[in-house]
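Residues per chain are reported as follows:
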Amino acid sequence: MPEAPRWSNEVIGIILICAGLLAFLSVISYTPKDLPKWGILEAFAQDRGPGEPRHNFIGIIGALLGFAQVSLFGSAGYIVPVALIWFGVAKLVFDARLWPRTMIGFAVLTLSGAAFMHALKGNSEDFTGPGGVTGYLLGEFVFLRLIGKVGSLILLGGTYLVALILLTGQKPVGFIKGCSRMVGDLVARFRERREQAGFEASKEELRSVERDRERERRRKEREAAKANTPAASLEPEPEPNPQQELPLRETPAPQIIDASQRRLASSKPGDKPFDHKASGHLSLSTAGFEDYDRPGFDLLDPLPEEEAPEANRDELLATQRTIVDTLRAFGIEVTPGDITRGPTITRYEIYPSTGLRVSRISQLEADLARATRAERINILAPIPGKDTVGIELANSQKVSVPLRELLEDPEFSSAKKKIPLALGKDVYGKTVIGDLAAMPHLLVAGATGSGKSVCINSIIASMLFKFGPHELRFIMVDPKVVEMQMYNKLPHLVVPVVTDPKKVVAALKWVVNEMEKRYRVFAKTGVRNFDSFNSRVRPEKTETPAEEVAEETPPWNADEEVDMESIESIASALESGELGPEADEDELPIEEDKVPDRYPYIVVLIDELADLMQTAPADVEMCIARIAQKARAAGIHLIIATQTPRADVVTGIIKANIPCRIAFQVSSQLDSRVILDTKGADKLVGKGDMLYLPPGSAKLERSQGAFVSDEEVERLVNHCAAQAEPNFEVDIQRSIDSGGDDGDDEDDISPADEELIMKCIDVARQEQKCSTSLLQRRLRLGYTRAARMVDILEARGVVGPGDGAKPREVYLK
Ligand SMILES: Nc1ncnc2c1ncn2[C@@H]1O[C@H](COP(=O)(O)OP(=O)(O)OP(=O)(O)O)[C@@H](O)[C@H]1O
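Residues numbered from 1 in each chain as written. Predicted model: local features only at pLDDT ≥ 70, side-chain atom pairs only at ≥ 80, totals over all residues.

Applied cut-off: UniProt positions are given in the numbering used here, feature names are shortened, and annotations may be inferred rather than shown by experiment.
Per an unreviewed UniProt entry, the protein carries the name DNA translocase FtsK and comes from Luteolibacter arcticus. Turning to the protein, the UniProt record has this under Subcellular location (unreviewed entry): "Cell membrane". Taken verbatim from the UniProt record of the protein, the Sequence similarities (unreviewed entry) comment is "Belongs to the FtsK/SpoIIIE/SftA family."

## Remarks on the overall build of the protein
Under the convention used in this document: The helix and strand labels rest on DSSP assignments: H or I over at least four residues marks a helix, E over at least two residues marks a strand, and numbering proceeds from the N terminus. Remark: C-beta atoms are placed from the backbone, and a residue is labelled buried if 20 or more other C-beta atoms sit within 10 Å of its own, exposed if 12 or fewer do, or partly exposed between those counts.
A tally of helices and strands in the protein yields 26 helices and 17 strands. Relative to its 813 residues, the protein shows a buried fraction of 37%.

## Examining the UniProt feature "binding site: ATP" (unreviewed entry) in the protein
This is how it is decided: Whether two residues are in contact depends on their C-beta atoms, placed from the backbone: they are in contact if these lie within 7 Å.
As recorded in UniProt, the feature "binding site: ATP" (unreviewed entry) lies at G446, A447, T448, G449, S450, G451, K452 and S453. Note on placement: A447 falls in the loop between β9 (442-445) and α12 (452-466). Ignoring anything within four residues of it in the chain, the contact list for A447 reads Q643, Q665, V666 and S667. When you line up the elements, K452 lands in helix α12.

## As for the site of the ligand
Which entries qualify depends on this criterion: For each residue, a C-beta atom is placed from the backbone, and the residue counts as near a molecule or strand when that atom lies within 6 Å of it. Residues are grouped as follows: nonpolar covers Ala, Val, Leu, Ile, Met, Phe, Trp, Tyr, Cys and Pro; charged covers Asp, Glu, Lys and Arg; every other residue, Gly included, is treated as polar.
Near the ligand there are 15 residues, and of these T448, G451, K452, S453 and G688 occur at the shortest range. Put simply, the parts of the chain that give the shell around the ligand at least two residues each are α12 and β15 (701-707). Class assignment for the residues of the shell around the ligand results in three nonpolar, ten polar and two charged.

## Some words on helix α24 (residues 751-767)
The α-helix winds at 3.6 residues per turn, so residues separated by three or four positions along the chain end up facing the same way. Heads up, the rule is: Helices are assigned an expected span. That span is 1.5 Å times one less than the residue count. Directions from the helix axis toward the C-beta atoms define the arc.
Over its 17 residues, α24 extends 24 Å from the first C-alpha to the last, a length consistent with the 24 Å expected when each residue adds 1.5 Å. Listing the buried residues of α24 in full gives L756, C760, I761 and A764. Angularly, the buried residues of α24 cover 150° about the axis, an arc narrow enough to put them on a single face. In α24, those exposed residues whose orientation departs by more than 90 degrees from the buried face are P751, A752, E754, E755, M758 and Q766.

## Thoughts on helix α19 (residues 617-630)
Between its first and last C-alpha atoms α19 spans 20 Å; for 14 residues at 1.5 Å apiece the expected length is 20 Å, and the two agree. Within the span of α19, buried status applies to V620, E621, M622, C623, I624, A625, R626, I627 and A628.

## What to know about the nonpolar core
Under the convention used in this document: Note on terminology: a nonpolar core is any set of buried Ala, Val, Leu, Ile, Met, Phe, Trp, Tyr and Cys residues joined through C-beta atoms within 7 Å.
Formed by 139 residues in total, the largest nonpolar core has its most connected members in I475, M476, A507, V511, I627, A663 and L793. Look past the residues within four positions of V511 in its chain and what remains in contact with it is I475, I602, V604, I627 and I636.

## Comments concerning the pairing of strand β2 (residues 334-341)
The line we're drawing: Two strands qualify as a pair provided DSSP detects at least 2 bridges between them.
Judged by how many residues are buried, β2 sits mostly within the fold: seven of eight residues are covered. Here strand β1 (residues 256-258) pairs with β2 via three bridges, running parallel. Along β2, the bridge assignment pairs D258 with R341. Taken together, the six bridges between β2 and strand β3 (residues 345-352) define a ladder with antiparallel strand orientation. Looking across to β3, one finds that V334 is bridged to P352. Following β2, the chain reverses through three residues before pairing antiparallel with β3.

## Focus on the UniProt feature "transmembrane region" (unreviewed entry) in the protein
The UniProt record annotates "transmembrane region" (unreviewed entry) at residues 12-31, 57-90, 102-120 and 146-167. The distance separating the terminal C-alpha atoms of residues 102-120 is 26 Å; by composition the span is 100% helix and 0% strand. Secondary structure within residues 146-167 divides into 100% helix and 0% strand; the distance between the first and last C-alpha atoms comes to 28 Å.

## Details of the packing of α24 against helix α26 (residues 783-795)
Condition: Note on geometry: axes are lines fitted to C-alpha atoms, helical ones only across the stretch in contact, with angles between N-to-C directions running from 0 to 180 degrees. Here roughly perpendicular refers to angles of 65 to 115 degrees, roughly parallel to angles under 35, roughly antiparallel to angles over 145, and oblique to all remaining angles.
Taken N-terminus to C-terminus, the directions of α24 and α26 make an angle of 75°; their axes are 10 Å apart at the nearest point. Accordingly, the angle class assigned to the pair α24 and α26 is roughly perpendicular. On α26, the residues touching L756, I757, C760, I761 and A764 of α24 are M789, I792 and L793. Class assignment of the residues belonging to the contact of α24 with α26 gives a composition of eight nonpolar, no polar and no charged.

## Focus: the environment of G129
Mapping G129 onto the fold places it in the loop between α4 (100-121) and α5 (132-168). A tally of 22 C-beta atoms within 10 Å means that G129 is categorised as buried. Separated by twelve residues in sequence, G129 and M117 have C-alpha atoms that sit 8.5 Å apart. With residues up to four places along the chain from it excluded, the contact list for G129 reads G74, H118, G122, N123, G135 and Y136.

## With respect to unusual backbone geometry
Most peptide bonds take the trans configuration, and most residues that are not glycine carry a negative phi. Between A381 and the following residue, P382, the backbone shows a cis peptide bond with an omega angle of -5°. Position of P382 relative to the elements: it lies in the loop between β4 (377-380) and β5 (389-394). Of the consecutive residues M439 and P440, the connecting peptide bond is found in the cis state with omega at -15°. Tracing the chain through its elements places P440 in the loop between β8 (431-435) and β9. Positive phi, close to 85°, is recorded for E608, a residue that is not glycine. Here E608 falls in the buried class, since 21 other C-beta atoms lie within 10 Å of it.

## Side note on the packing of α12 against helix α22 (residues 710-723)
Two quantities define a packed helix pair, namely the angle between the helix axes and the distance between the axes. Heads up, the condition is: Handedness of a crossing is defined here by the sense of rotation of the near helix relative to the far one, left-handed for an anticlockwise turn of less than a right angle and right-handed for a clockwise turn.
Viewed as axis vectors pointing N to C, α12 and α22 meet at an angle of 30°, and their least axial separation amounts to 11 Å. Relative to α22, the crossing made by α12 is left-handed. For the pair α12 and α22, contact is made by N457, A461 and L464 and by V713, L716 and C720, respectively. Taken together, the residues that form the contact of α12 with α22 break down as five nonpolar, one polar and no charged.

## Considerations on the pairing of β5
Within β5, five of the six residues are buried, which leaves the element mostly enclosed by the surrounding structure. Two strands pair when backbone bridges link them, and β3 and β5 are joined in this way by six bridges, in the antiparallel orientation. Along β5, the bridge assignment pairs T346 with L393. Where β4 lies against β5, four bridges are found, and the strand directions are antiparallel. Residue N378 lies in a different strand from β5, and its bridge partner there is E392.

## Re the sheet that holds β4
Spatially, the five strands line up as an open sheet ordered β1-β2-β3-β5-β4, and their pairing is mixed. Across the chains shown, the open sheet's two edge strands, defined by having one partner strand only, are β1 and β4. Taking each pair of neighbouring strands and ignoring which way they run, the sheet shows an average axis angle of 20°. Seen against the sheet, helix α9 (residues 365-372) touches β4 and β5 and runs at an angle of roughly 130° to β4.

Put into structure tokens, the structure is as follows:
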């Protein structure tokens, strides 16, 4: 066992610190007057005045010690005690060894310091100068002689600084910067306090003016009451409104808004949101839908008669006070603003004081949640489009938003919305009605049990209320099998609900083909898009005056805006013969693609994208991307739902093509970012609480989703089914069942081929063009193989048809 050292580090440390302190106090209080006139010291000692005490803190020994330090090192003498204390602390506190490097550091510091002082202003004949004996010898005989005064100052100053940096580990430039920053901060804080004080004073002034006015008003009221009815003076004074006592600022008077109340029923029995007669026209297979009777409100449950529980004002004000007090406790001054109670959450608005960073409020989320005992809290800093910060807390009692309430809102039946979707009600009680035609595609995502299926049901119901099967057709994809079975009776379905993930790609390919066909027909007919096609002047009726045309062939929604500009342009084109049907090369497609009188909208609903992305990710992604990119003008819309918002399900390509999104509650911020590109969905409270990102906007709207029960949906579907039998398109069904290959040569594709196809897709995507020779060159393929790949890519809808020697168009951007 090694022997324990006799002198422990603590003992050495204490001794060194004491020695250092003695030396330090001796040197700082040193004056030659204290020196005793002993022998050689007499030459240095000075006389003290009669009765003048010694100045040195350590007495006569201190005077001698101080003399020794000063005469040896001059002004650099203070370094010796500092080094002693330094070593003492290192030993005592940090149990450190006395590194020779540190000792050398101190030695260099002392010597260079002393020599520098001598070089700066020492007397060449006197060694009692500012550098002491050491400074004199080193400075005078080494440095000044060899490199002159300027050289010595530079070299010694540099050596001194380097030794200082090595010893202390401090960077002088960083240190100076840090100091200046600290001073800047202090000044800024001081200014802020002064402004705040001024602001408080003006607030107090405003408050006292307000109080005086209130007193004056009450006095006048009392006098008037006394003059009119003396008995009235016995009545107690009205309680002051607690909200009026809130501190005043140049902010609007705060209010409590209860937007959670349901609206009362405005419809009479038998009323319908859309009651216009169906116009007898052709489309997919529309025979038998001429007398289609649109559903009425009665199919939905009547709106509850009784009022929803009213907001408790005191409770709301108490919570607001808690929020303000909590923020104040953390040094954040805010002025309370409006309190808005929505169906699910209550939003407390606050005005941050001038110069306050709103991010500081968001940082206190956990503290605010604790203070308000909230299960979930969401902070909007700031509320988009407002100058306030919003703190959203879940209501203890939630008020559901029945679908019927939204459908009765005039906004739903407004002509401005082509495909109105009743989505929900926002925190201010405003109905949120989307327009699928404007979206033009929608992504709905959220964890299971968050309200997704209810939302999809309300969306489908919204469309069933407006459109008959001749105006809108559905393709429903439901790999989960259970969610959409009740819709199988709907006459709106193009094919029965597709549940087999393998057939989904075929169904999507059919949609892509249908889209291409519609575009060919639009080009043939000389119209730009779906709306212009359906409202176009029919060729056989060209002689009919424009007004009569409008009357005779009303569009299915009589209120719908007719694209007059396009009608006029087509009419004039027909007159001038530009669009005449006799052009030879156009004859073939016209026979191929029969021009119907009208096209119905096609809405593709996919419930659970994740299952499809597991089966055939590349194909599904590609079809969705193609439909999403081009289908808007063809009247084809996509609604995709998923409970797995992961980046490999909702891929970048899918997201880039579907800008309109609805997020329900999710479990993590990451999931929220996948859906909305921002956090927030993780703060929702579930059961229909949702965030809606409308088309062309970056502003998320928080709302409570519409609620429709399974029974209501069933009644609605039964009503539609009673009007017409399901009328599935047999050809399409057959094509889907056969995998949608349309007779192309994809049957014998091996896994190795599949890999090559993926590479070809990558090349096509990078180059944004595709040809046999390009694939030959880039992938070193033979001609036959490359040509086959191009055929497969065309069959899969990645590239367009061949056009002579020109490279083919790539649809996948
Ligand atoms: N808008 C709403 N208003 C009131 N309650 C709702 C609403 N939406 C959903 N809920 C409640 O939440 C429950 C679950 O909703 P829903 O079945 O739509 O969830 P989901 O996300 O589709 O789940 P899953 O993915 O498992 O099907 C419903 O049974 C209903 O009670």
